[in-house]
Amino acid sequence: PFPSSDAWSGFVAEAQKFLPQSNSRLALLAFVNIPVFAIVINVLRQLILPRDRSLPPEVFHWIPIIGSAPSYGNDPIAFLADAQKKYGNVFTFVMLGRKMTVALGSAGNNFILGGKVANLSAEEAYTPLTTPVFGKDVVYDVPNEVLMEQKKFIKVGLSTENFRSYVGMIEDEVSEYMAHDPSFRTFQMNDINEWGEFDPLKVLAEMTILTATRTLQGKEVRSNMDKTFSKLFSDLDGGFTPLHMIFPNLPLESYRKRDAAQKKLSEFYISIINGRRDNTSTNDETDMIAALMNQHYRSGRALPDHEIAHIMIALLMAGQHTSSTTGAWTILHIASRPDIADALYQEQVEKFSNPDGTLRSPTYDELKTLTVLDAVIRETLRLHPPIHSIMRKVRADFPVPPTLAAPSKDGVYVVPKGHFVLASPAVSQRDPTLWHECDAWEPARWNDADGEAQKAFKQYADENGEKVDFGFGAVSKGTESPYQPFGAGRHRCIGEQFAYLQLGTLITTMVRKIEMRLPAGMPGPNYHTMITMPKTPRTITYRRRNFD
Ligand code: HEM
């Protein structure tokens, strides 16, 4: 909001104290007038000056350069949905000097996520954030065709065979955690009448990193979790924030820690690779390092060790907050709906009961048949997709199809080179015109074969539907679906199956062991982090279910 005149006079009086006495009037005039002048020009430019009709409408803002950054930063979903009502599905807003052109709805998702490499670049949008954290020569530090090959290498490690061996490992880690971590002290007391409490975000973050390191990252990383690794991860993570995306290099402590941690982690992974080469007896590992150590680019060049190390860091970062916050939101919803918690438990009782009444562990293939579990995760990802904005930089003028938005019957909008484009499946996943009771968490909507959820899912992941191969194996086209928690097109997530396996095993294991409640009700979302997390208060109360 524009500052009130009282606030402005107070500000001017304060400013006067700091100005030098000589020429103070002139300096004060300049000090006060330049910003005012800039604001006035900015407002007149928007209200009076004729606009280039090929440019999409611009969201009104008072302060130049800053633009709509505060509104977008505080609540991007409300900001985008509000602007959609005023300007339609395609509009531009100013954010810290950047022009961000948004395209919403299923057609908007398709426009951006299905855009061609000639027009749109993910690497130019993300590299300032990701390259200092992941390291050189991987992901967004390389041309798109190289990333596509690297995704193909990663997919080798994400095999069904590997996944089959992971379920038991994840269950083990969760059980060990609940048996020993102080968050579950009441559980450890073996009294089913005693209620304890835990913070789901903290618990899920710890369980996620323990299970990811035990499975994908490999035993050397897992065994260093209590020592050097978790400190380095935390320093690196401190460099993965919206601030670091906007200003990639500032002389601040978090940047220095980020750079030092990246270097040390890279060396750590390279030492693991060298250790494995020297000791061929450990070559039967089912983790990602083992898969990446055997890969060659199409040119015949072997994947170098530093690239393996940096891909491992990228996977750690890509999977950690996305999976852990999804897990935290899921557990929060389950705690707030004892009827669904009961349905999840009964599903396991039906499928995995031993003759003595205890529950046996599911296999990977069995886990995939649990329909209540599946609906619970899908519905959580609908309401809380961890990534609310997907961005690209426009590298060549990009015409908007008239079916999506047009200035007049004959014209088209053109998003000019240099703009950023932004898709937000988070908005289409809550669109009231598409989803029945769009803001309610209702897993049952996924059971209706003819309902809106299954229709959207069919467009997203239909096994028999249209497939495209961008160089990392055929994927469902999916760009036109209103439901895209894992993105779509050439940058579509390749961690989806792993995330389902990890979350599914984590949730089934927890639901078997404890009953949960959420006395304070569902927390709101915090949008100030890269990934949308639940705010406080978010304490879950729990009690032990049985003595298995
Ligand atoms: C890409 C979401 C877990 C690795 C993406 C994208 C989204 C996403 C939305 C597309 C980004 C874009 O188009 O700009 C999620 C969610 C997850 C999850 C919701 C969990 C619930 C994982 C895990 C891994 C992973 C566990 C690794 C094991 C990747 C990779 C990409 C990706 C490598 C490709 C980036 C690209 O091609 O540009 N993810 N992700 N993700 N994700 Fe995930």
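Our structure is the block above this text.
Residues numbered from 1 in each chain as written. Predicted model: local features only at pLDDT ≥ 70, side-chain atom pairs only at ≥ 80, totals over all residues. Heavy atoms only, no water.

Draft legend 1. Structural context of the overall build of the protein chain. Within the protein chain, the secondary structure is distributed over 22 helices and 14 strands. Here the protein chain has a C-alpha radius of gyration of 26 Å; the compact-globule value for 548 residues is 24 Å, and the two agree. Along the first, second and third principal axes, the C-alpha atoms of the protein chain reach 85 × 60 × 55 Å. In the protein chain, which comprises 548 residues, the share counted as buried stands at 51%. Residue pairs at least 24 apart in sequence account for 71% of intrachain contacts in the protein chain once pairs closer than 6 positions are excluded. Approximately 25000 Å² of the protein chain is accessible, and the part contributed by carbon and sulfur atoms is 57%. On the protein chain, the mean spot of the 58 positive side-chain charges and the mean spot of the 62 negative ones are 6 Å from each other. (Helix = DSSP H or I, 4+ residues; strand = E, 2+ residues; numbered from the N terminus. Rg over C-alpha atoms; globule rule 2.2 N^0.38 Å. Buried < 20%, exposed > 50% of the residue type's maximum accessible area, 1.4 Å probe, protein only. Contact = heavy atoms within 4.5 Å. Areas by Shrake-Rupley, 256 points an atom, 1.4 Å probe, with all protein chains shown as cover. Lys, Arg positive; Asp, Glu negative; His and termini not counted. Charge placed at Lys NZ, Arg CZ, Asp CG, Glu CD.)

Draft legend 2. Here's a closer look at the coordination of the iron atom of the ligand. No other protein atom reaches the iron atom of the ligand as a donor apart from Cys493 (SG), found 2.3 Å away. Assignment of secondary structure puts Cys493 in the loop between β10 (474–476) and α22 (496–513). (Donors = N, O, S within 2.8 Å, 3.2 Å for Na, K, Ca; no water.)

Draft legend 3. Seen up close, the nonpolar core. Of all hydrophobic cores here, the largest spans 146 residues; its most connected members are Phe93, Phe184, Phe198, Tyr269, Met510 and Met516. Sort the elements by how many residues they give to this core and helix α16 (residues 305–336) lands first, with 14 residues. If you count residues domain by domain, this core takes at least three from each of domain 2 (51–131 + 390–423) and domain 3 (135–386 + 463–471 + 490–544). Here Tyr269 is in contact with Gln217, Val221, Phe229, Ile289, Ala309, Met312, Ile313 and Leu316, once residues within four sequence places are set aside. (Core = buried A, V, L, I, M, F, W, Y, C linked by side-chain atoms within 4.5 Å. Domains from an automatic or database assignment.)

Draft legend 4. Region of interest: the site of the ligand. Close contacts around the ligand come from 25 residues, with Tyr140, Lys151, Arg392, His491 and Cys493 the closest. In this structure, Lys151 approaches the ligand through a side-chain N or O atom, which is 2.7 Å from an oxygen atom. At 2.8 Å, a side-chain N or O of Arg392 approaches an oxygen atom of the ligand. Sorting the residues of the shell around the ligand by element identifies α7 (144–157), α16, β5 (390–394) and α22 as the ones contributing at least two each. Looking at the shell around the ligand element by element, the count peaks at six residues for α16. (Near = heavy atom within 4 Å. Polar contact = N/O pair within 3.5 Å; in protein donor to acceptor, adjacent residues only side chain to side chain.)

Draft legend 5. A look at empty space enclosed by the protein. By the definition in use, this model includes one cavity of 30 Å³ or more. Of the pockets and cavities examined, the largest cavity occupies roughly 80 Å³. Lining the largest cavity are 13 residues, with Leu120, Ala122, Arg392, Arg490 and His491 sitting closest to its centre. Listing elements by their share of the lining of the largest cavity, those giving two or more residues are α5 (105–113), β3 (120–121) and α6 (122–134). Among the residues forming the lining of the largest cavity, the class breakdown is five nonpolar, four polar and four charged. (1 Å grid on protein atoms, 1.4 Å probe; cavity = no way out; pocket = protein on both sides within 12 Å on 5 of 7 lines; lining within 4 Å. Points joined across faces, edges and corners; volume = space filled by probe spheres on them. Nonpolar A, V, L, I, M, F, W, Y, C, P; charged D, E, K, R; others polar.)

Draft legend 6. Here's a closer look at the sheet that holds strand β14 (residues 540–544). Read across the sheet, three strands follow the order β4-β14-β11 without closing on themselves; strand pairing throughout is antiparallel. Two strands bound the open sheet, and with one partner strand each, they are β4 (195–198) and β11 (514–517). Between one strand axis and the next, the sheet turns by 35 degrees as a mean value, whatever way the strands run. With four bridges joining them, β4 and β14 adopt antiparallel strand pairing. Looking at β14, one finds that Trp195 is bridged to Arg543. (Pairing = 2+ DSSP bridges. Axes fitted to C-alpha atoms, helices over the stretch in contact; angles between N-to-C directions.)

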